[in-house]
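Topology and contacts: notes
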Amino acid sequence: MLTRHRARRLAAEHISVNAIAPGLFETPMTDFIFAPSHPLHEPPPDLPLGNRAGRSEDIGGEATAE
């Protein structure tokens, strides 16, 4: 929603707004999902690639400028 709001607001200035929504990645913030020994562990949600979360190489090229 923030992306849509910013896009609408900035269109008059000929500025385009885009967003990348990569989904679930293993990070320190998601340790509780992927580390069974974590005290707040819960099983991973349904992932499109089975039990595989995103990796940095999956998204790296998406954020490059042309």
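Our structure is the block above this text.
Below is a summary of the structure that appears in this document. Keep in mind the model is a prediction, meaning the values are calculated, not measured.

1. Some remarks on the overall build of the protein chain
Check the secondary structure of the protein chain and you find 3 helices and 0 strands. Secondary structure elements of the protein chain, listed N to C terminal, follow the sequence α-α-α. A burial count over the protein chain gives 9% of its 66 residues as buried. Total accessible area on the protein chain stands at roughly 5800 Å², and carbon and sulfur atoms take up 56% of it.

2. So, the pattern of salt bridges
Within this structure, the stated rule accounts for 1 salt bridge. A salt bridge links R9 to E13, with the nearest nitrogen and oxygen atoms 2.7 Å apart.

3. Details of the side chain of T30
Looking at where T30 falls in the secondary structure, it is placed in the loop between α1 (2–10) and α2 (31–34). Classification of T30 by relative accessible area gives buried; the value is 10%. With sequence-adjacent residues up to four places away left out, T30 is seen in contact with L24 and F25.

4. Structural notes on the environment of L24
Looking at the secondary structure, you find L24 in the loop between α1 and α2. Along the backbone, L24 and R52 are 28 residues apart, and their C-alpha atoms lie at a distance of 9.3 Å. The contact partners of L24, leaving out residues within four places of it in the chain, are T30, I33, F34, P45, L47, A53 and G54.

5. Regarding unusual backbone geometry
Here the phi dihedral of H14 falls at roughly 60°; this positive angle occurs in a residue that is not glycine. Of note, H14 is situated in the loop between α1 and α2. Given a relative accessible area of 75%, H14 falls into the exposed group.

6. Re the environment of G23
Inspection of the secondary structure assignment puts G23 in the loop between α1 and α2. On the basis of relative accessibility, which here comes to 58%, the residue G23 falls in the exposed class.

What counts and how
- Per chain, residue numbering runs from 1 following the sequence as it is written.
- Only residues with pLDDT of 70 or above have their local features reported here, since the model is predicted, and side-chain atom pairs are shown and tallied only from 80 upward, although totals for entire chains, interfaces and linings are computed over all residues.
- Excluded from the side-chain calculation are hydrogens and water; included are all heavy atoms of the structure.
- Under the DSSP-based scheme used, a helix requires at least four consecutive residues in state H or I and a strand at least two consecutive residues in state E, with every element numbered from the N terminus.
- Buried, partly exposed and exposed residues are distinguished by accessible area as a fraction of the type maximum, computed with a 1.4 Å probe on protein chains only: under 20%, between the cut-offs, and over 50%, respectively.
- The method behind every accessible area is Shrake-Rupley, applied with a 1.4 Å probe, and residues are considered shielded solely by the protein chains displayed.
- Salt bridge, as used here: a side-chain nitrogen of Lys or Arg that lies within 4 Å of a carboxyl oxygen of Asp or Glu.
- Two residues qualify as a contact provided that any one of their heavy atoms is within 4.5 Å of a heavy atom in the partner residue.

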